[in-house]
Every structure is written in C-alpha cells, then in structure tokens.
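Commentary on secondary and tertiary structure
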Amino acid sequence: MEALKGLINRLTDPKIFLPLFAVLFFLALRTRWVWTNKVGLVALIGSLVFFVVSFQDPNFQVIVTKGDNIPIVMLLYVVGFFVWYSMKQGYENDERMAKGEDPIEKQEFKEKVLTWPHLVYTELICLTLATVFLLLWSILIKAPLEEPANPAKTPNPSKAPWYFLGLQEMLVYYDPWIAGVVLPTLVIVGLMAIPYMDRNPRGSGYYTFKERRFAITVFLFGFVVLWVSMITIGTFLRGPNWNIFGPYEYWDVHKLEALVNVNLSEYIYVKMLGTGLPSFWLTREIWGFLLVGLFYLLPPPILARTVFKDFYRTMGFARYSVMVFLFLTMVALPVKMLLRWVFNLKYIVAIPEHFFNI
C-alpha cells in the first residue's frame, strides 16, 4: 500500500499529471466506448472506491475534509458526470443521424407540456430540495472561518477562494499583470466573440461531437484540462510555501524545493554564449521578443494551409486571425508551464526596470 501511495504521489506531480491527463483526455474524446453506460458506471464505482480507501490515510483525510475543499470534491464529480453525459449523448446522436434518424432532442421536443403547472412544480421541488441540502450542509459542516486578519501571522499556504485558484496557479508561471489582468480579459472577450466567429449552425439545439469536433475539443481542453486541473492542483496539491505535495504526503512547512528559475536571456547570454547580460533592455531581451513574435506570427499561415484550411475558407481573414490568436494564447499557458517544469524557465521576456515580463 505504501508503494502504491508513493506511485500516486509521484503521478500527481503537475509536471507528470497535467501532460498525462491531457493525452488521455484527447484519446478518450475519440474513443466511442469510453462514453457508454458501462464505462461510466465503472468509472464512478472506481472513483468512489479510490476515495473511500484513500480516506483511511490521515494526510488525505485532512486535505479533502477541509470546509473549503469539500465543494471542490463535489465539483470534480459534477464536472466529470456532465462531461461524460454530454459526450455520451453526442455520440448517440451522431450514430442516429448516420442512420438517417433524428437526434434524440428532436423527438423529445414533440412531447410538449405546459409551463404551468409542470415546469413550475418541477422548479418548486428543486428549490425545496436545494434549500434542505443547504440547511443540512450548514448544520453538519462547520464554516471555514479563521481568526481576524493579523499581518504578523499570515496563513501558510495563503490561498484565494476556489474560483480564483486557477488564476493563483497561473501566477506561478506568469507575471501578475498577465495572469491577473490580460489572460482573464482575453477569456471574457473570447467567450463574447464566439458567436461572431463560429457561425456553424450544426449542433445547435442537440448534442453532437462529429459535427463540432474542433469547438468541443478546444472548449473541453481549456475548461477541463486546464482550468479545472489548475483549481484541483491549487486546492489539493499546493501546500505550505506553495510547494507541491502528493495527496498522501504530509504538509511539512520546512520542505524546501531547490529551484533556480532562469530567464531566457540568461540562458542565451550567460549559459550559451558565456558572456554577461547586456545593460540595454532591448538588446538583452531581443531574443525573447523574437520568440514571442514567431509564436504568434508563424503558426497562423501554416495552420491556414493545413489543419485549419477549412476554417480559413469559411471564416475569412479577420475572424480567422482572431480565432487563431485566442487559440494560441490558450496554448501558451501549457507551453509556459512545461518550460518552467522542464527547463526552470522563468520569463521569456524579462524587463523588471519597466515592470514588463512575459
């Protein structure tokens, strides 16, 4: 059992967990049998057994029973269920339409009922059950209240609310102005721009995967693989001094990670060329600017001639450019995370004298 716990602790290290999860998730999206009732039931039972067995470990028990962390455990099950259910419905509709039949939603639409009393009764029952659930929650689980704020005694680790933990995790890899301002703004702008960029009428009003592969894959990658994973890492794996701890590992406040993060300019001038850093910031960081420029300028025309050629033809230059810019910005996050994990790369462009770091 201890060997198994050690293996799980090793696999939950973000540098292993996130790439492995991303690969398995992409493979699962293209695998029909994953999204069936039998596999869904096995996954549910397996996760419950894992949770019950792991609950015997005192370190695991302390982490998952914190008042702030219980909703995140529920979030994982809820997100997992609805992703599985939507993909299951999508594959079933794709199979039906391949046979010339209507999607399930179109058949259900024929069975109409009146808002009053059917919908109102259903909403009233849901409202009553939700109220009872919240009352029981408040009685059985203590509110995670702490002592008044004291600047001489700060919590360790000091964590944001769960809905900001993804942003707090991004602060590890990006400068605060990017992680706290630029990226959240682009997420909001991107969500607002989707109806104007994606005018594909297929898949509207019914579940499907075949007809919306790219849109569904990108959305699930950004939401599940990146956002939900970062919330999970920040909730269960980030411990004292913001170090990474496995789910069965004791949160030791004295744990020190020997990490020497190096900027790209230091890699080039100091390690590769064996010289000192230039004093002028533009000369020093020109390589980082070139790399960032190539990242945003080189892929769009290449993708327009290869895997995205259909998008370029139907969307036009302007909408295609906006779509690829938002897509590359999302991809930049896992790329930056991998660069930090593998090369201890801190910033690609580091200009602290002007408070500008990428």
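Notes on the structure in this doc start here. (Residues numbered from 1 in each chain as written. Predicted model: local features only at pLDDT ≥ 70, side-chain atom pairs only at ≥ 80, totals over all residues. Heavy atoms only, no water.)

**Notes on the overall build of the protein**
Assigned secondary structure in the protein consists of 14 helices and two strands. Over its C-alpha atoms, taken along the principal directions, the protein stretches across nearly 75 × 55 × 40 Å. Taken over 358 residues, the protein has a buried fraction of 33%. Of the contacts made within the protein by residues no fewer than 6 positions apart, 66% connect residues no fewer than 24 positions apart. Positive and negative charge centroids in the protein, built from 32 and 26 side chains respectively, lie 6 Å apart. (Helix = DSSP H or I, 4+ residues; strand = E, 2+ residues; numbered from the N terminus. Buried < 20%, exposed > 50% of the residue type's maximum accessible area, 1.4 Å probe, protein only. Contact = heavy atoms within 4.5 Å. Lys, Arg positive; Asp, Glu negative; His and termini not counted. Charge placed at Lys NZ, Arg CZ, Asp CG, Glu CD.)

**Some thoughts on the packing of aromatic side chains**
Applying the stated criterion across every chain, the model contains 30 aromatic pairs. A ring pair is formed by Phe51 and Phe60, whose centres lie 5.9 Å apart and whose planes are at 75°; its orientation type is edge-to-face. Using a relative accessible area of 25% as the deciding quantity, one classes Phe51 as partly exposed. On the basis of relative accessibility, which here comes to 7%, the residue Phe60 falls in the buried class. (Phe/Tyr/Trp six-rings, centres within 6.5 Å; stacked < 30°, edge-to-face > 60°.)

**Quick look at the packing of helix H11 (residues 264-272) against helix H12 (residues 281-297)**
Across the interface, H11 lies against H12 with an axial gap of 9 Å and an inter-helix angle of 120°. When the axes of H11 and H12 are compared, the pair comes out oblique. Judged by the twist between their axes, the crossing of H11 over H12 is right-handed. Taking contact as the criterion, the partners of Leu264, Ser265, Ile268 and Tyr269 in H11 are, on H12, Thr283, Arg284, Glu285, Ile286, Trp287, Gly288 and Leu291. Residue composition of the contact of H11 with H12, by class: six nonpolar, three polar and two charged. (Axes fitted to C-alpha atoms, helices over the stretch in contact; angles between N-to-C directions. Parallel < 35°, antiparallel > 145°, perpendicular 65-115°, else oblique. Left-handed = near helix turned anticlockwise from the far one by under 90°. Nonpolar A, V, L, I, M, F, W, Y, C, P; charged D, E, K, R; others polar.)

**Points about the side chain of Glu169**
By secondary structure assignment, the location of Glu169 is in helix H8 (residues 165-170). Glu169 gets classed as buried once you look at its relative accessible area, which sits at 0%. Here Glu169 is in contact with Met230, Ile233, Gly234, Arg238 and Trp242, once residues within four sequence places are set aside.

**Focus on the nonpolar core**
The nonpolar side chains of a soluble globular protein tend to be buried, and buried together. Judged by nonpolar contacts, the single largest core of 33 residues is most densely connected at Trp35, Val83, Met87 and Tyr174. If one sorts the elements of this core by residue count, helix H10 (residues 213-237) sits on top with seven residues. Contact partners of Trp35, with chain neighbours within four places excluded, come to Ala28, Leu29, Val83, Trp84, Met87, Lys88 and Tyr91. (Core = buried A, V, L, I, M, F, W, Y, C linked by side-chain atoms within 4.5 Å.)

**Quick word on the packing of helix H5 (residues 70-98) against H10**
Relative to each other, H5 and H10 sit at 165°, their axes nearing to 11 Å. Classed by the angle they form, the pair H5 and H10 counts as roughly antiparallel. Considering only the axes of H5 and H10, their crossing is left-handed. Along its contact with H5, which presents Ile72, Val73, Leu75, Leu76, Val79, Val83 and Met87, the element H10 presents Ile216, Leu220, Phe223, Val224, Val228, Ile231, Thr232, Thr235 and Phe236. Residues belonging to the contact of H5 with H10 are distributed by class as follows: 14 nonpolar, two polar and no charged.

**Here we look at unusual backbone geometry**
Leaving glycine out, the prevailing phi sign among residues is negative, and the prevailing peptide bond configuration is trans. Put simply, Trp116 and Pro117 share a cis peptide bond, and its omega is 10°. Counting through the fold element by element, Pro117 comes out in helix H7 (residues 115-140). Cis geometry is found at the peptide bond from Asn156 to Pro157, where omega equals 10°. Within the fold, Pro157 resides in the loop between H7 and H8.

**Quick look at H11**
Residues three or four positions apart in an α-helix share a direction because the helix packs 3.6 residues into each turn. The complete set of buried residues in H11 reads Leu264, Ser265, Ile268 and Tyr269. The buried side chains of H11 occupy one side of the element, clustering within an arc of 115° when seen end-on. Each element contacted by the buried residues of H11 is listed here: H12. Of the residues flanking the end of H11, it is Gly274, one or two places downstream, whose phi is positive at about 70°. (Arc of directions from axis to C-beta.)

**A short note on the environment of Gly316**
For Gly316, the location among the structural elements is in helix H14 (residues 309-343). Judged by its relative accessible area of 24%, Gly316 is partly exposed. Through-space distance from the C-alpha of Gly316 to that of Gly239 is 48 Å; in sequence the pair is 77 residues apart.

**Regarding the environment of Phe55**
Looking at the element boundaries, Phe55 is found in the loop between helix H3 (37-54) and helix H4 (58-64). According to the relative accessible area criterion, Phe55 is partly exposed, its value standing at 28%. Once the C-alpha coordinates of Phe55 and Thr65 are considered, the two residues, ten residues apart in sequence, prove to be 9.4 Å apart.

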